[in-house]
Amino acid sequence: MSLIEARGLSKHFKVLNHREGLVGAMKDLFSTDFRVVKAVDDISFAIEPGEIVGYIGPNGAGKSTTIKMLTGILQPTSGRLIVDSIVPYENRQKNVRNMGVIFGQRTQLWWDLPVVESFKILRDIYSIDENTYNSQLGLFQELVDLRSLYSTPVRKLSLGQRMLCDLAAAFLHNPKVILLDEPTIGLDISVKSKIRTVIRELNDTHRTTIILTTHDLGDVEALCRRLMIIDKGKIIYDGEINRVTELFGVYRTLKVQIFQYGDGMMDLLKARLTDKFGKASEIVVENTEPGWTDVTVNQAVVPLLDVLNFLMGTLPVKDVRIVEVSMVSVVQKIYDGALR
Amino acid sequence: MKPYLGTIKGTLIAWFIYRFSFFFTLAGNLLYMTLIFFLWKSIYSGADTIHGMTFNQTFIYLALAGSLFILFTPGTDWTISNRIIDGSLIVDLLKPVDFQILTLARTTGFGIFNVAVITIPSLLVLFLGFRADMKLGIGLLFFPIGIMLSFLISFAIDFSLGLTSFYTESIWGISTTKTAITSLLSGALIPLPFFPQSVQNILRLLPFQAIYNIPLSMVTSPNLSVLDYARALGVQVFWVVLLFAFCRWFYRRAFRVLTVSGG
């Protein structure tokens, strides 16, 4: 049997339709005008022991809602959810005993206490035996030098140090399931890679099942073999990560800032690019932030440099940036049938 | 039990780190004692007893009430409310422990520290500095038990107030109202015997006087029979049980708001 099993899982929220202005706000006091938001809408999946699953999607797609249902904090509106043969919502305390959770923006460490005191409190809370406690911390000591931070109060840690300590805290009771919600948010490259090493190592050693929610496609590439993509409450992809990395690996977006940007510029640009590279080139022109025009290129069809050279030659270009494809466009590609 | 003991210990350590704020609270409390000393001295000028209480009894009653007020105001309602509003409540809910007992453990850590750093020094100043003349009696043995029960009653009221944040988003109004009502109706500001008899009869039916008046009476009238004290403790136990039962019920209800409509 799978460790985690969801079947037809849904979570709907009732949200008040707010009206505009002061009068509207006053009317809202007595309003019964609700709409239903389907945060998670009839999803099914099964996760085996020892898997690392990347769970990605744009903001508001339903990732956190799913995570909260797994922890038992949210009650599903309908459907079945079982974690290690426990229904999380019905038995919250028993469920979280075998779970470690990290919400990237929150810490479970005690703000004013030295790091090691938080570990000791956790040892009491989970009744962790001396052996497990020492071996888990020893493992962390080998991977990242944590002991040097033990006596530092949490509020004096840098974001990266704090995240490493939080990670140690989540793994301390050697749980079967770890839920990581944005563990690398706001961290620099070197800390990110440390965190990835730790996660991979712990998964190897204990066969801990890990669900990783993230915006950073680099995280999933580095850690997961399986990927689930959720958008608007529906799982739109569940399978091997390779097919997805191939997809977003070849796309690059050129962000171009153009002098004397006028109204007709976008259309002009589109027309010229189609003229030059043909319709089959699949070049997408968008306007995502003021002053910048995004040109997304499929490198398998047209070399990025050609497009860049062409743009530089035909338009008064002020500035250029090259970025990897964003989560939103990956999701868009999947909708457009890229994986079918 | 172990999870909660660990939490108590952690809270204690954290409070020791905040020690300076406590020194100021202690200084403030001593100032308050001086203030009520002179205030009631002038009220008592020429009178031996007012409403059956001597100056000495009134002073001890109110000076102790002042120190207990600090002990019974750990701000649990604010803490819970803040955790609910900024969402950090979720961290508590991810622990395999009961939220109410966890909160009680945190409050207890505050209480223990407070007794050591404020209540006991204040008592020393009261009896050595102001030379308050306290009669000894069996009531003094019941006083610490009374205080612990008061602490629990006070906690239960704060806890359920904090939970109202699930519905109201801000508890500023409710919380200040609660402080005003408790101070006035419990004997914390004016000794209960000073109220008209008819008002006293009503007040004795409310939980507030069980927080301050009951333990304080044990000190000001320490020579009643054991049965009297047992009855007083009985009233406190009654309120502890009733209010904790209410907390449970209310917690379940409020928690449903979270689990069903999200946080």
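On a predicted model such as this, the values are computed, not experimentally measured, just so you know.

Student: If you had to explain the overall build of chain B to someone new, which residues and values would you point to?
Tutor: Across its full length, chain B holds 13 helices and two strands. Taken against the 2.2 N^0.38 rule, which gives 18 Å for 263 residues, the C-alpha radius of gyration of chain B at 19 Å falls within 12% of a compact globule. Along the longest, intermediate and shortest principal axes, the C-alpha atoms of chain B span 65 × 40 × 35 Å. If you take every contact in chain B between residues at least 6 apart in sequence, the share linking residues at least 24 apart comes to 82%.

Student: I'd like to hear about the overall build of chain A, residue by residue, with values.
Tutor: For chain A, the count of helices and strands is 12 helices and 13 strands. A principal-axis box enclosing the C-alpha atoms of chain A has dimensions of 70 × 55 × 45 Å. Put simply, chain A has 340 residues, and 36% of those count as buried. Considering only contacts within chain A whose residues lie at least 6 apart along the sequence, 72% involve residues at least 24 apart.

Student: Go over the sheet that holds strand E4 (residues 78-83) of chain A, please, and point to the residues and values.
Tutor: Two pairing modes exist for strands in a sheet, parallel and antiparallel, and in both the strands are linked by backbone hydrogen bonds. Residue and element names in this part refer to chain A. Read across the open sheet, the three strands follow the order E2-E1-E4; overall the sheet is antiparallel. Strand pairing shows two members of the sheet lacking a second neighbour, strand E2 (34-47) and E4, which therefore form its edges. Each strand axis lies, on average, 30° off the axis of its neighbour in the sheet, ignoring direction. Pairing analysis gives five bridges linking strand E1 (residues 4-16) to E4, with the strands arranged antiparallel.

Student: Let's hear about the sheet that holds strand E5 (residues 99-103) of chain A: which residues, and what values?
Tutor: All names here are of chain A. Strand order in this open sheet of six strands is E5-E6-E7-E3-E8-E9, and the pairing throughout is mixed. Edge positions in the sheet fall to E5 and strand E9 (234-240), since each has one partner strand and no second. With direction set aside, neighbouring strand axes in the sheet form an average angle of 15°. The pairing of strand E3 (residues 52-56) with strand E7 (residues 209-214) spans five bridges and is parallel. Across the sheet, the residue bridging to Gly-54 is Leu-212, located in E7. Those strands touched by helix H2 (residues 63-71) are E3, E5, strand E6 (177-181), E7 and strand E8 (226-231), and its axis lies near 150° from that of E6.

Student: Please give an account of helix H4 (residues 76-86) of chain B that cites residues and values.
Tutor: Residue and element names in this part refer to chain B. Thr-76, Asp-77, Ile-80, Ser-81 and Ile-84 are the residues of H4 that are buried. Axial view of H4: buried residues confined to an arc of 125°, hence all on one face. Within two residues after H4, Gly-87 carries a phi angle of roughly 85°, on the positive side.

Student: I'd like a rundown of the nonpolar core, residues and numbers included.
Tutor: Counting 124 residues, the largest nonpolar core has Leu167(A), Ala168(A), Leu212(A), Ala65(B) and Ile153(B) as its most contacted members. The residues that make up this core include at least three from each of domain 1 (49-232) and domain 2 (250-335) of chain A. Each residue touching Ile153(B), except ones within four places of it in the same chain, is listed here: Pro207(B), Ala210(B), Ile211(B), Gln236(B), Trp239(B), Val240(B) and Leu243(B).

Student: Please provide a residue-by-residue account of the domain arrangement of chain A, values included.
Tutor: Residues and elements named next belong to chain A. As far as domains go, chain A holds domain 1 (49-232) and domain 2 (250-335). On a C-alpha basis, the centres of domain 1 and domain 2 stand 38 Å from each other. Each partner contributes residues to the interface: domain 1 has seven residues there, and domain 2 has four residues. Taken together, the residues of the side of domain 1 that touches domain 2 break down into four nonpolar, two polar and one charged.

Student: Before we move on, can you summarise the packing of helix H3 (residues 55-71) of chain B against helix H12 (residues 213-220) of chain B with the specific residues and values?
Tutor: All names here are of chain B. Interaxial distance between H3 and H12 falls to 10 Å at its minimum, and their mutual angle equals 140°. Judged on the interaxial angle alone, H12 and H3 are oblique. Where H3 crosses over H12, the two elements pack in a sense that is right-handed. From H3, Gln-57, Ile-60, Tyr-61, Leu-64 and Ala-65 reach across to H12, where they touch Leu-216, Val-219 and Thr-220. Along the lines of polarity and charge, the residues of the contact of H3 with H12 split into six nonpolar, two polar and no charged.

Student: Break down the interface of chain A and chain B for me, citing the residues and quoting the values.
Tutor: Interfaces are often sized by the accessible area lost when the parts come together. Counting residues at the interface gives 24 residues for chain A, matched by 21 residues for chain B. The set of elements that each furnish at least two residues to the side of chain A that touches chain B consists of E1, helix H3 (92-97), E5 and helix H4 (115-125) of chain A. It is H4(A) that contributes the most residues to the side of chain A that touches chain B, five residues altogether. Class assignment of the residues belonging to the side of chain A that touches chain B gives a composition of 12 nonpolar, five polar and seven charged.

Student: Describe the packing of helix H2 (residues 19-43) of chain B against helix H6 (residues 99-129) of chain B, with residues and values.
Tutor: All names here are of chain B. Packing of H2 against H6 leaves a shortest axis separation of 10 Å and a crossing angle of 35°. Crossing of H2 against H6: the hand is right-handed. On the side of H2, the interface is formed by Phe-22, Thr-25, Leu-26, Asn-29, Leu-30 and Met-33, while H6 contributes Val-117, Ile-118, Pro-121, Ser-122, Val-125 and Leu-126. Looking at the contact of H2 with H6 residue by residue, the class counts come to nine nonpolar, three polar and no charged.

Student: Describe the pairing of strand E12 (residues 292-298) of chain A, naming the residues involved and giving the relevant values.
Tutor: All names here are of chain A. Judged from the seven bridges that link them, strand E10 (residues 251-258) and E12 form a sheet pairing that is antiparallel. Looking at the pairing, Thr-253 lines up with Thr-296 of E12. In this sheet, E12 lies alongside strand E11 (residues 284-289) in antiparallel orientation, the contact comprising four bridges. Pairing of Val-284 across the sheet is with Thr-296, part of E12.

Student: Run through helix H10 (residues 265-277) of chain A, naming residues and quoting values.
Tutor: Its 13 residues place the ends of H10(A) 18 Å apart at the C-alpha level, agreeing with the 18 Å of an ideal helix rising 1.5 Å per residue. A positive phi of about 85° marks Gly278(A), the residue just after H10(A).

Student: Explain the environment of Thr49(B) to me, and be specific about the residues and the numbers.
Tutor: As for its position among the elements, Thr49(B) is in strand E1 (residues 49-50). Considered as a pair, Thr49(B) and Val115(B) are 66 residues apart in the sequence and their alpha carbons are 31 Å apart.

Student: Lay out the environment of Ala170(A) in plain terms, naming residues and giving numbers.
Tutor: The residue Ala170(A) is located in helix H6 (residues 159-171) in this model. It is 4.6 Å that separates the C-alpha atoms of Ala170(A) and Gly100(A), two residues lying 70 residues apart in sequence.

Student: Can you break down unusual backbone geometry residue by residue, with the values?
Tutor: Residues and elements named next belong to chain A. With a phi close to 55°, Glu-182 is a non-glycine residue in the positive phi region. Tracing the sequence through the fold places Glu-182 in the loop between E6 and helix H7 (189-206). The exposure class assigned to Glu-182 is partly exposed, which follows from the 18 C-beta atoms found within 10 Å. For Arg-207, which is not a glycine, the phi torsion comes out positive at approximately 55°.

Student: So what about the pairing of E3(A)? Which residues, and what values?
Tutor: All names here are of chain A. For E3, the buried fraction is high: five of the five residues fall into the buried class. The alternating pattern of E3 places Ile-52, Gly-54 and Ile-56 and Val-53 and Tyr-55 on opposite faces, both of which are buried. Here E3 runs beside E8; their pairing, made up of four bridges, is parallel. Paired with Gly-54 across the two strands is Leu-227, which belongs to E8.

Thresholds applied
- Residues numbered from 1 in each chain as written.
- Chains lettered and ligands numbered in written order.
- Predicted model: local features only at pLDDT ≥ 70, side-chain atom pairs only at ≥ 80, totals over all residues.
- Helix = DSSP H or I, 4+ residues; strand = E, 2+ residues; numbered from the N terminus.
- Rg over C-alpha atoms; globule rule 2.2 N^0.38 Å.
- Contact = placed C-beta atoms within 7 Å.
- Buried ≥ 20, exposed ≤ 12 C-beta atoms within 10 Å, placed from the backbone.
- Pairing = 2+ DSSP bridges.
- Axes fitted to C-alpha atoms, helices over the stretch in contact; angles between N-to-C directions.
- Arc of directions from axis to C-beta.
- Core = buried A, V, L, I, M, F, W, Y, C linked by C-beta atoms within 7 Å.
- Domains from an automatic or database assignment.
- Nonpolar A, V, L, I, M, F, W, Y, C, P; charged D, E, K, R; others polar.
- Parallel < 35°, antiparallel > 145°, perpendicular 65-115°, else oblique.
- Left-handed = near helix turned anticlockwise from the far one by under 90°.
- Expected span 1.5 Å × (residues − 1).

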